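Read off the chains here:
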Amino acid sequence: YVLDVIIIGMLLYWHHNCKKIVIETKVGAKWLIPALFIVVAVIGFFRYQDDPVFRYIQTAALLLDAFLYYTVRSGLCEEGIVMMGALTKWNKAGSVSLNKKESCLIFKLRGKTAALYFDPDQMDDVRKFLAERSVSHSK
């Protein structure tokens, strides 16, 4: 139950960050992790038949996790870069660069290089967004 509460709390926090998104990325296969939550929920539902309370609570929690994870978004906000709900503030993102060929924004995420992909049609909006906020970036 503790793990369920922690995961749901984390997903709700990510949803709080998602509300701040101004430019949302339109790419990405978000169905894989929710599908895994659903598979585990189904397996657990049939496995824990001896404990009906745990069985139903665990199944409901996993289905809620699947829904919440599926609705988590990525994009840009005033405070920084939101990648699957996790916010990286501009001052922590390091040198932000746009890769026009790959249609992505490259930045530092916990000390490692990360890329947030956008639809090619969104790149002008991304560039404009960064310029309006005086975020230093290279092309």
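Preceding this section is the structure that the text describes.
In short, a report on the structure. Owing to the predicted nature of the structure, the values given are computational and were not obtained by experimental measurement.

Before going further, it helps to spend a moment on the packing of aromatic side chains. The description of an aromatic ring pair uses the distance of the two centres, along with the angle that the planes make with each other. Inspection of every chain in the model, using the stated rule, returns five aromatic pairs. Centroid distance Phe45 to Phe46: 5.4 Å. Interplanar angle 85°. Geometry classified as edge-to-face. Arranged with centres 5.5 Å apart and planes meeting at 70°, the rings of Phe45 and Tyr56 form a pair that is edge-to-face. Placement of Phe45 in helix 2 (residues 32–47) and of Tyr56 in helix 3 (residues 52–70) is noted, with a sequence separation of eleven residues between them. With a relative accessible area of 22%, Phe45 lands in the partly exposed category.

As a further point, take the pattern of salt bridges. Evaluation of the coordinates by the stated rule reveals four salt bridges. Two residues, Glu79 and Lys20, come together in a salt bridge whose shortest N-O distance is 3.2 Å. Of the two residues, Glu79 is situated in the loop between strand 2 (75–77) and strand 3 (80–83) and Lys20 in the loop between helix 1 (2–18) and strand 1 (21–24); the sequence distance between them amounts to 59 residues. Taking the shortest distance from any N to any O, the salt bridge between Asp124 and Arg127 comes out at 3.7 Å. Here Arg127 and Asp124 lie together in helix 4 (residues 123–132), a separation of three residues that amounts to about one turn. A single salt-bridge network, built from bridges that share partners, covers Lys20, Glu79 and Lys89.

With that settled, the discussion passes to a nonpolar patch on the surface. Taken together, Trp31, Leu32, Ile33, Leu36 and Tyr70 make up a surface patch of nonpolar side chains, about 530 Å² in accessible area. Per-element tally for the nonpolar patch: the top contributor is helix 2, with three residues. Looking at where Tyr70 falls in the secondary structure, it is placed in helix 3. By relative accessible area, Tyr70 is classed as partly exposed at 46%.

Bridge count for strand 6 (residues 104–109) against strand 7 (residues 112–117) is six bridges, and the pairing is antiparallel. Its bridge partner being in strand 7, Phe107 is matched across the sheet by Ala114.

Another aspect to go through is unusual backbone geometry. For Met84, which is not glycine, the phi dihedral falls at a positive 50°. Along the chain, Met84 falls in the loop between strand 3 and strand 4 (86–89).

What counts, and where the lines are drawn
Residues numbered from 1 in each chain as written. Predicted model: local features only at pLDDT ≥ 70, side-chain atom pairs only at ≥ 80, totals over all residues. Heavy atoms only, no water. Phe/Tyr/Trp six-rings, centres within 6.5 Å; stacked < 30°, edge-to-face > 60°. Helix = DSSP H or I, 4+ residues; strand = E, 2+ residues; numbered from the N terminus. Buried < 20%, exposed > 50% of the residue type's maximum accessible area, 1.4 Å probe, protein only. Salt bridge = Lys/Arg side-chain N within 4 Å of Asp/Glu carboxyl O. Patch = residues over 30% accessible without salt bridge, like charges linked within 9 Å, V, L, I, M, F, W, Y side chains within 5 Å. Areas by Shrake-Rupley, 256 points an atom, 1.4 Å probe, with all protein chains shown as cover. Pairing = 2+ DSSP bridges.

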